[in-house]
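Fold and contact review
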Amino acid sequence: MKQKKLWGGRFTKQTAPSVESFTESISFDWRLYQYDIEGSIAHATMLAKCKLITEKEKRAIVKGLNEILSDILNDKFEFKKSLEDIHMNIESALIERIGEPGKKLHTARSRNDQVALDLRLWTRGNIQQTRKLLTALQKELVKKGKQYPGLIMPGFTHLQHAQPVLVSHYLLAYVEMFERDKTRLEDCYIRLDTSPLGACALAGTTLQTDSLFTAKLLGFRGVCENSMDAVSDRDFCIEYSFCLSMIILHLSRLCEEWIIWCNDEFQFIEIRDDYCTGSSIMPQKKNPDVLELIRGKSGRIFGYLNSLFTLLKGLPLTYNRDMQEDKLALFHAADTVQASLSILAELVANTSFHEERMLAACQKGFIDATALAEYLVKKGLPFRKAHEIVGKIVRECIRVHCSLTDLRLESFRAFSSAIEDDVYKVLGVENCIKNYKSRGSTAPGLVRKRISYWENKLGKERKGMNR
Ligand code: ARG
């Protein structure tokens, strides 16, 4: 027998099967079940408080909903396409289970405020999960940094050797990025923290309800103050999708770097075998596919953000069925970013740095040249002058194939009489690193402090949002 539609009253014909398949969302919005039930329980509680249903009816509804929840959790619930979406699947099951009181649940509510609520609740929970995964990745990066306290590598600009930096300093750069991502999530959370339930279809209701009460029951800071805005607002989807885009952008930069670093030219890092994959034809190959896939998936995430913008941009107020598509973008984006975060944390833990290769790379590219220019500034020369002198010294080194440390004092003094034998205390990568002073620089003492700072901060972080 065909499933009777909850909205079937004004129709003379059954929905065409092709239309049912085309319009359904249960195949993807089923995962809102927990939030749908949570919202319905709060709604029923409010209806009873406002005497729109009796206490007894409320109890029957709550019991029925909890039974449905446990059926879903135990894989005993059949989601039906003919019932369109998660909201009607659960409401129909409730009516089937408890009869008359079930028919009162949808009093002073529409699927329009219901879906807006469910999606906000889902996003709220999902933000917390993403935040935890960011913290876990940060912890791995800090741990890795601590594992190589004194290791020096060439820092790059334009992907050319620039100045020496501590590997731990490099790793902490990403920790900072992920911290910003966390604050962005918190910010997004603040704005989505109002309940749309009570807006009903678009205009509110003529019944005496209490939407602030449901909002409090559901742990919201407040209520959406305009019913039309409440049902048509999907800003939070776009904002969260932007947060996710920024996260995967950061991941993708790290991946790109490590893909380069594990090739034969660089050989800066070694990813453990079980985190790499092989080639079907070339027996010798060991490929960083995980990193490449994260980098590749980032394109899809930026695409979802764009698709949400495009989805919303032409929609007149208030609810339009187009909005059903928001979930596909948001769910896929969140799933992909979370999977990327968690696998990258594992990969970081299972990657080691080739200390000799990094140190050897530091010998190339005159990465102590800026330190020499600053040495001349300390001797009283204007920086521009110092820059020019060191440029000429470097040119000479290139001509005679040597590094700055190889030059004898007389050769230096041919370029500037300000250079004395203490110059050798600033040349060479170890000296460079030792001599950094400024805040936020790669000075070993400062980096050590920053590592303890992060260990402390991340270690103390409680589960969930820091609010
Ligand atoms: N499945 C719908 C969605 O995701 C639920 C809301 C349907 N509302 C409506 N008036 N048809 O947007």
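So, here is what we can say about the structure in this document. (Residues numbered from 1 in each chain as written. Predicted model: local features only at pLDDT ≥ 70, side-chain atom pairs only at ≥ 80, totals over all residues. Heavy atoms only, no water.)

With respect to the overall build of the protein chain
A tally of helices and strands in the protein chain yields 18 helices and six strands. On C-alpha atoms alone, the protein chain measures out to a radius of gyration of 30 Å, which is more than a quarter above the 23 Å that the 2.2 N^0.38 rule sets for 467 residues. Across the protein chain, every contact between residues at least 6 apart in sequence was considered, and the portion connecting residues at least 24 apart equals 77%. Carbon and sulfur atoms make up 53% of the accessible area of the protein chain, which amounts to about 23,500 Å² in all. (Helix = DSSP H or I, 4+ residues; strand = E, 2+ residues; numbered from the N terminus. Rg over C-alpha atoms; globule rule 2.2 N^0.38 Å. Contact = heavy atoms within 4.5 Å. Areas by Shrake-Rupley, 256 points an atom, 1.4 Å probe, with all protein chains shown as cover.)

Structural notes on the pairing of strand β1 (residues 152-157)
For β1 and strand β2 (residues 160-166), the ladder comprises six bridges, and the chain directions are antiparallel. Of the residues in β2, the one forming a bridge with Gly 155 is Gln 163. Hairpin remark: β1 followed by β2, antiparallel, with two residues in the connecting loop; positive phi at His 158, about 55 degrees. (Pairing = 2+ DSSP bridges.)

A few points about the nonpolar core
Nonpolar side chains tend to gather and get buried jointly when the protein is soluble and globular. With 107 residues, the main nonpolar core has Tyr 240, Trp 258, Trp 261, Leu 344 and Phe 353 as its most contacted residues. With 14 residues, helix α10 (residues 235-261) is the single largest residue contributor to this core. Not counting the four nearest positions on each side in its chain, Phe 353 is found in contact with Lys 144, Tyr 148, Leu 151, Val 167, Leu 171, Trp 258, Trp 261, Phe 268, Ile 269 and Met 358. The next biggest cluster of nonpolar side chains, apart from the first, holds 21 residues, and it includes Tyr 375, Leu 376, Ala 418 and Val 426. (Core = buried A, V, L, I, M, F, W, Y, C linked by side-chain atoms within 4.5 Å. Buried < 20%, exposed > 50% of the residue type's maximum accessible area, 1.4 Å probe, protein only.)

Some words on the packing of aromatic side chains
Applying the stated criterion to the full structure yields 14 aromatic pairs. Relative to Tyr 174, the ring of Tyr 170 lies with its centre 5.7 Å away and its plane at 75 degrees, an arrangement referred to as edge-to-face. Here the residue Tyr 170 and the residue Tyr 174 both occupy positions in helix α7 (residues 167-192), the gap between them amounting to four residues, near one helical turn. In this structure, Tyr 170 and Tyr 174 share a single accessibility class: buried. Sitting over the ring of Phe 331, Arg 31 keeps its end group 4.5 Å from the ring centre. (Phe/Tyr/Trp six-rings, centres within 6.5 Å; stacked < 30°, edge-to-face > 60°. Lys NZ or Arg CZ within 6 Å of the ring centre and 35° of its normal.)

Quick look at the pattern of salt bridges
Applying the stated criterion to the full structure yields 36 salt bridges. The salt bridge involving Glu 179 is made with Lys 457; its shortest N-O contact spans 3.6 Å. Here the residue Glu 179 occupies a position in helix α7, and Lys 457 occupies one in helix α18 (residues 444-460), the gap between them amounting to 278 residues. Look at Glu 179 and you get buried, because its relative accessible area is 13%. When its relative accessible area of 27% is taken as the criterion, Lys 457 is described as partly exposed. Residue Glu 239 pairs with Arg 191 through a salt bridge whose shortest N-O separation is 2.8 Å. (Salt bridge = Lys/Arg side-chain N within 4 Å of Asp/Glu carboxyl O.)

Observations concerning the site of the ligand
In the vicinity of the ligand, the contacting residues are Ser 25, Asp 29, Asp 85, His 87, Arg 111, Asn 112, Val 115, Tyr 319, Gln 324 and Lys 327. Taking Asp 85, its side chain carries an N or O atom lying 3.2 Å from a nitrogen atom of the ligand. One of the side-chain N or O atoms of Gln 324 is found 2.9 Å from a nitrogen atom in the ligand. Its free accessible area being 350 Å², the ligand has 87% of it covered by the protein chains. (Near = heavy atom within 4 Å. Polar contact = N/O pair within 3.5 Å; in protein donor to acceptor, adjacent residues only side chain to side chain.)

Points about a nonpolar patch on the surface
A grouping of Leu 202, Met 228 and Leu 317 is seen on the molecular surface, where their side chains present a nonpolar patch of about 280 Å² in accessible area. Within the element layout of this structure, Leu 202 appears in the loop between β3 (194-195) and α8 (211-217). Judged by relative accessible area, which is 35%, Leu 202 ranks as partly exposed. (Patch = residues over 30% accessible without salt bridge, like charges linked within 9 Å, V, L, I, M, F, W, Y side chains within 5 Å.)

Things to note about the side chain of Glu 179
A polar side-chain atom of Glu 179 sits 3.0 Å from a polar atom in the side chain of Gln 138. The residues touching Glu 179, leaving out its near neighbours within four places in the chain, are Gln 138, Trp 454, Lys 457 and Leu 458.

With respect to unusual backbone geometry
Look at the link from Leu 317 to Thr 318: it is a cis peptide, with omega at 10 degrees. Among the structural elements, Thr 318 can be located in the loop between α11 (289-313) and α12 (326-349). Positive phi is not limited to glycine here, since Ala 108 has a value of about 55 degrees. You can see Ala 108 is positioned in the loop between α5 (86-98) and α6 (111-147).

A short note on the environment of Met 246
Here Met 246 lies in helix α10. For Met 246 and Gly 102, which are 144 residues apart along the polypeptide, the C-alpha to C-alpha distance reads 44 Å. With residues up to four places along the chain from it excluded, the contact list for Met 246 reads Asp 181 and Arg 184.

What to know about the packing of helix α3 (residues 33-49) against helix α4 (residues 55-73)
Two measures define how a pair of helices packs: the angle their axes make with one another and the distance between the axes. For the pair α3 and α4, interaxial distance at closest approach is 9 Å and the crossing angle is 175 degrees. The angle between the axes of α3 and α4 places the two elements in the roughly antiparallel class. Of α4, the residues touching α3 (which contributes Tyr 33, Gln 34, Ile 37, Ser 40, Ile 41, Ala 44, Thr 45 and Ala 48) are Glu 55, Lys 58, Ile 61, Val 62, Leu 65, Asn 66, Ile 68, Leu 69, Ile 72 and Leu 73. Across the contact of α3 with α4, the residue classes tally to 12 nonpolar, four polar and two charged. (Axes fitted to C-alpha atoms, helices over the stretch in contact; angles between N-to-C directions. Parallel < 35°, antiparallel > 145°, perpendicular 65-115°, else oblique. Nonpolar A, V, L, I, M, F, W, Y, C, P; charged D, E, K, R; others polar.)

A closer look at α4
Between the first and last C-alpha of α4 there are 27 Å, a value that for 19 residues agrees with the 27 Å anticipated at 1.5 Å per step. Listing the buried residues of α4 in full gives Glu 57, Lys 58, Ile 61, Val 62, Gly 64, Leu 65, Ile 68, Asp 71 and Ile 72. Note on α4: the residue one or two positions beyond its end, Asp 75, has a positive phi of about 65 degrees. (Expected span 1.5 Å × (residues − 1).)

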